[in-house]
Amino acid sequence: MADHDPGEPRPHRPASGRAGATVIPVPLSPRSLLALALVSLIGVAAFAWPFFASPESQVGAHAQDAPWLFAGLLVLLVGVVAATISEAGMGAKAVAMLGVLAATGAALRPIGAGTAGLEPMFFLMVLSGRVLGPGFGFTLGAVTMFSSALLTGGVGPWLPFQMLSMGWFAMGAGLLPGARRLRGRAELVLLAAYGFVAAFAYGTVMNLYGWPFIDALASNIAFHADASPAANLARFLAYCLATSLGWDLGRAVVTVALTLTLGAPVLRALRRATRRAAFESAVTFDPPPP
């Protein structure tokens, strides 16, 4: 029995392209790039202000207020995500893939929480950003961190910083060279090297969030408003070595190990799903046969 009425128009889906073709579900339009650059600039200021504030300024007097002031960055992040989706015309298929990957990442995050930086979600962010592009990567990173915070009850003034950092983390994977041609072991090595470096970068950036709010009288590695930027930089490096080096190393090693062992099948699955979804192809209808 025919599964299609000959009197009705037949749906036609254009071919999704060659096996090696790259389909970007969320292209970065000029408007999206501008919004992303603006939020990133504000984010850099929110993270790095201790190194730009002079001892004579009044910024240090408001150090304890900064988490709440910069928590407003969450509104900007959500705005960037919404702008990226609407501006790029993100279709239902891309939204569905975003939901699936964000839910998977959110479910992976609590697996190793509190255990020497064993965080498997980072390797998924690297591979997803690589296959689906920087725009999708930034959106996925921010949404995944927001979803995982709701799942684990980790909502607080630190959440905007986590969303921005994870968005940068996944977006960076989408900006790596050779997205169309580099395949096989060489690509896995590239992604593993990026994951290793970016895992330390993520931890270092997140250290900047909490470091200025440690009581300077409690430790000689805490932020001191009266110290010079160079002195505070030395304090911060000592703080990272003393508090988070082991955690960041564990995150980096887990990301590299999972990328090298599971990266090939996950990349194939993501690329196959991307080709079949044909994000940039609209469904058309052929006229019925005479």
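Everything below is about the structure shown above.
Student: I'd like a rundown of the layout of surface pockets, residues and numbers included.
Tutor: If you add up the space inside the largest pocket, you get close to 370 Å³. Going through the elements one at a time, helix H5 (121-152), helix H7 (185-210) and helix H9 (245-277) are the ones with two or more residues in the lining of the largest pocket. Looking at the lining of the largest pocket element by element, the count peaks at six residues for H7. In terms of residue class, the lining of the largest pocket is made up of eleven nonpolar, seven polar and four charged. Looking at the second largest pocket, its volume works out to about 180 Å³. Lining the second largest pocket are eleven residues, and of these Arg 183, Ala 264, Leu 267, Arg 268 and Arg 271 lie nearest its centre. Counting residues per element, the ones that place at least two in the lining of the second largest pocket are H7 and H9. At six residues, the largest contribution of residues to the lining of the second largest pocket is made by H9.

Student: Could you give me a rundown of the nonpolar core, with the residues and numbers involved?
Tutor: Counting 56 residues, the largest nonpolar core has Leu 101, Met 125, Met 166 and Phe 169 as the members making the most contacts within it. Where this core is concerned, the elements lending two or more residues are helix H1 (30-48), helix H4 (92-108), H5, helix H6 (159-174), H7, helix H8 (229-243) and H9. Examining the composition of this core, we find that 15 residues originate from one element, H5, more than from any other. Once residues lying within four places of it in the same chain are set aside, the contact partners of Phe 169 are Phe 122, Met 125, Val 126, Tyr 194, Ala 198, Ala 199 and Tyr 202.

Student: Outline the environment of Gly 135, listing residues and values.
Tutor: In this fold, Gly 135 is placed in helix H5. Spatially, the C-alpha atoms of Gly 135 and Ser 29 are 9.1 Å apart, while their sequence positions differ by 106 residues.

Student: Go over the side chain of Ser 148 with me, naming the residues and quoting the values.
Tutor: Its place among the elements puts Ser 148 in helix H5. Relative accessible area serves as the criterion here: at 0%, Ser 148 is assigned to the buried category. At a separation of 2.9 Å, a polar atom in the side chain of Ser 148 contacts the main-chain carbonyl oxygen of Met 145. Not counting residues within four places of it along the chain, the set of residues in contact with Ser 148 comprises Ala 106 and Arg 109.

Student: Can you tell me about the packing of aromatic side chains, naming the residues and giving the values?
Tutor: Applying the stated criterion across every chain yields a total of eight aromatic pairs. Taken together through their ring pairs, the aromatic side chains of Phe 47, Phe 161, Trp 168 and Tyr 209 make up a single cluster.

Student: Can you break down the environment of Ala 264 residue by residue, with the values?
Tutor: Locating Ala 264 in the fold gives a position in helix H9. Since its relative accessible area comes to 28%, Ala 264 is described here as partly exposed. Along the chain, Ala 264 and Glu 187 lie 77 residues apart, while their C-alpha atoms are 9.2 Å from each other. Look past the residues within four positions of Ala 264 in its chain and what remains in contact with it is Leu 188 and Thr 259.

Student: Residue-level account of the packing of H6 against H7, with values.
Tutor: Between two packed helices, both the angle of their axes relative to each other and the distance between the axes serve to describe the pair. Following both chains from N to C, one finds H6 and H7 inclined at 160 degrees, their axes separated by 10 Å at the closest point. As far as their axial angle goes, H7 and H6 are roughly antiparallel. Between H6 and H7 the crossing geometry is right-handed. Residues Phe 161, Gln 162, Ser 165, Met 166, Trp 168, Phe 169, Gly 172 and Ala 173 of H6 form the contact with H7, whose own contacting residues are Tyr 194, Ala 198, Ala 199, Tyr 202, Val 205, Met 206 and Tyr 209.

So, how was this worked out
- Residues numbered from 1 in each chain as written.
- Predicted model: local features only at pLDDT ≥ 70, side-chain atom pairs only at ≥ 80, totals over all residues.
- Heavy atoms only, no water.
- 1 Å grid on protein atoms, 1.4 Å probe; cavity = no way out; pocket = protein on both sides within 12 Å on 5 of 7 lines; lining within 4 Å.
- Points joined across faces, edges and corners; volume = space filled by probe spheres on them.
- Helix = DSSP H or I, 4+ residues; strand = E, 2+ residues; numbered from the N terminus.
- Nonpolar A, V, L, I, M, F, W, Y, C, P; charged D, E, K, R; others polar.
- Core = buried A, V, L, I, M, F, W, Y, C linked by side-chain atoms within 4.5 Å.
- Buried < 20%, exposed > 50% of the residue type's maximum accessible area, 1.4 Å probe, protein only.
- Contact = heavy atoms within 4.5 Å.
- Polar contact = N/O pair within 3.5 Å; in protein donor to acceptor, adjacent residues only side chain to side chain.
- Phe/Tyr/Trp six-rings, centres within 6.5 Å; stacked < 30°, edge-to-face > 60°.
- Axes fitted to C-alpha atoms, helices over the stretch in contact; angles between N-to-C directions.
- Parallel < 35°, antiparallel > 145°, perpendicular 65-115°, else oblique.
- Left-handed = near helix turned anticlockwise from the far one by under 90°.

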